[in-house]
Amino acid sequence: GENVEQHPSTLSVQEGDSAVIKCTYSDSASNYFPWYKQELGKRPQLIIDIRSNVGEKKDQRIAVTLNKTAKHFSLHITETQPEDSAVYFCAATHLREWGGSNYKLTFGKGTLLTVNP
Amino acid sequence: ETGVTQSPTHLIKTRGQQVTLRCSSQSGHNTVSWYQQALGQGPQFIFQYYREEENGRGNFPPRFSGLQFPNYSSELNVNALELDDSALYLCASSLGWDRRTLSSYEQYFGPGTRLTVT
């Protein structure tokens, strides 16, 4: 089955700096890679996702890059703010050709991001 | 906030007991997935229900079972509780797929049920 490794486990940055979180996956059939943000005591929320037919995707201060050959993908947060402090999870799954949400997500262990004012 | 709700919020059980957790999916969603999140870990897939049928199962023993009802709400049952079952149990609801757009749909997570087994 799929295995997702995530690094680092903790990351501390100064407000305004950039933060990068990296994940690797093992199953070459995986083709969908979402990132979730989980604040303390709250539910995971999708912040950005990428499919394997795309190398990079941006949404304001957040971007995700994917290297299919190396089987790794990364989350980039620029101009970090204190409200970005949370645990971030990467995940991987195989999405069927016709799409749909009938997939199981394999998550990394998470990265605790702390943005210091 | 998503429209996914879970009950109860917290639960304390004794080893060997049985527990039922409930998930009410967002309106219109026909798929519910259950995940176990141990402290300091990422969520782990338990199983998924699509239109009342089990649609995939993770690496969990048979004492973890589930149901989905005609209104697409769902239950997770755990028998013979063990200490290691202590975790946050998350359900996620989603639409399935749309034949018009053939696009995938996000899984929306509920707030979770914190289960403590003593």
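Structure: see above.
The shown structure was predicted, so the numbers you read here are calculated from the model rather than taken from an experiment.

Asker: Kindly report on the pattern of salt bridges, identifying the contributing residues and their values.
Answerer: Under the counting rule described, the total for this entry stands at 7 salt bridges over all chains. Note that Lys57(A) is salt-bridged to Asp49(A), the shortest N-O span being 2.8 Å. Judged by its relative accessible area of 35%, Lys57(A) falls in the partly exposed class. Take Asp49(A): its relative accessible area is 16%, and that puts it in the buried class. Between Glu75(B) and Arg22(B) there is a salt bridge, with the nearest N and O atoms lying 3.6 Å from each other. In this pair, Glu75(B) is assigned in strand S8 (residues 74-78) and Arg22(B) in strand S3 (residues 19-24), connecting sequence segments 53 residues apart. Taken together, the shared-partner salt bridges in this structure form one network comprising Arg63(B), Glu82(B) and Asp85(B).

Asker: Tell me about the pairing of strand S3 (residues 19-25) of chain A, and please be specific about residues and values.
Answerer: Residue and element names in this part refer to chain A. Covered by surrounding structure in S3 are Ala-19, Ile-21, Cys-23 and Tyr-25 only, the residues Val-20, Lys-22 and Thr-24 on the alternate face being uncovered. One ladder, built from 4 bridges, connects strand S1 (residues 4-7) with S3; its direction is antiparallel. Residue Val-4 lies in a different strand from S3, and its bridge partner there is Tyr-25. In this structure, S3 lies alongside strand S8 (residues 72-77), joined through 6 bridges in antiparallel fashion. Residue pairing for S8: Ala-19 is matched across the bridge by Ile-77.

Asker: Pulling in residues and values, what's your account of the sheet that holds S8(B)?
Answerer: Residue and element names in this part refer to chain B. What the 4 strands build is an open sheet, ordered S1-S3-S8-S7; its pairing is antiparallel. Here the strands that pair on one side only, and so sit at the sheet edges, are strand S1 (5-7) and strand S7 (64-68). Strand-to-strand twist of the sheet, defined as the mean angle between neighbouring strand axes without regard to direction, takes the value 20°. Examined bridge by bridge, S7 and S8 share 5 bridges and lie antiparallel to one another. The residue bridging Phe-64 from the neighbouring strand is Val-78, located in S8.

Asker: Any chance you could break down the packing of aromatic side chains for me, citing the residues and the numbers?
Answerer: The description of an aromatic ring pair rests on the distance of the ring centres and on the angle between the ring planes. Under the criterion given, the structure shown has 13 aromatic pairs over all chains. Aromatic pair Phe89(A) and Phe107(A): ring centres 6.2 Å apart, planes at 90°, arrangement edge-to-face. Pair noted here: Phe89(A) is in strand S9 (residues 86-92) and Phe107(A) is in strand S10 (residues 106-107), with a separation of 18 residues, a long-range link. Phe107(A) matches Phe89(A) in its accessibility class, with the two residues each being buried. When the centroid spacing of 5.7 Å and the interplanar angle of 70° are considered together, the rings of Tyr35(B) and Phe45(B) count as edge-to-face. In this pair, Tyr35(B) is assigned in strand S4 (residues 31-37) and Phe45(B) in strand S5 (residues 44-50), connecting sequence segments 10 residues apart. The pair Tyr35(B) / Phe45(B) is uniform in exposure class, with both members buried. Of the aromatic side chains, those joined through ring pairs into one cluster are Tyr36(A), Phe89(A), Phe107(A), Tyr35(B), Phe45(B) and Phe109(B).

The rules behind each value
- Residues numbered from 1 in each chain as written.
- Chains lettered and ligands numbered in written order.
- Predicted model: local features only at pLDDT ≥ 70, side-chain atom pairs only at ≥ 80, totals over all residues.
- Heavy atoms only, no water.
- Salt bridge = Lys/Arg side-chain N within 4 Å of Asp/Glu carboxyl O.
- Buried < 20%, exposed > 50% of the residue type's maximum accessible area, 1.4 Å probe, protein only.
- Helix = DSSP H or I, 4+ residues; strand = E, 2+ residues; numbered from the N terminus.
- Pairing = 2+ DSSP bridges.
- Axes fitted to C-alpha atoms, helices over the stretch in contact; angles between N-to-C directions.
- Phe/Tyr/Trp six-rings, centres within 6.5 Å; stacked < 30°, edge-to-face > 60°.

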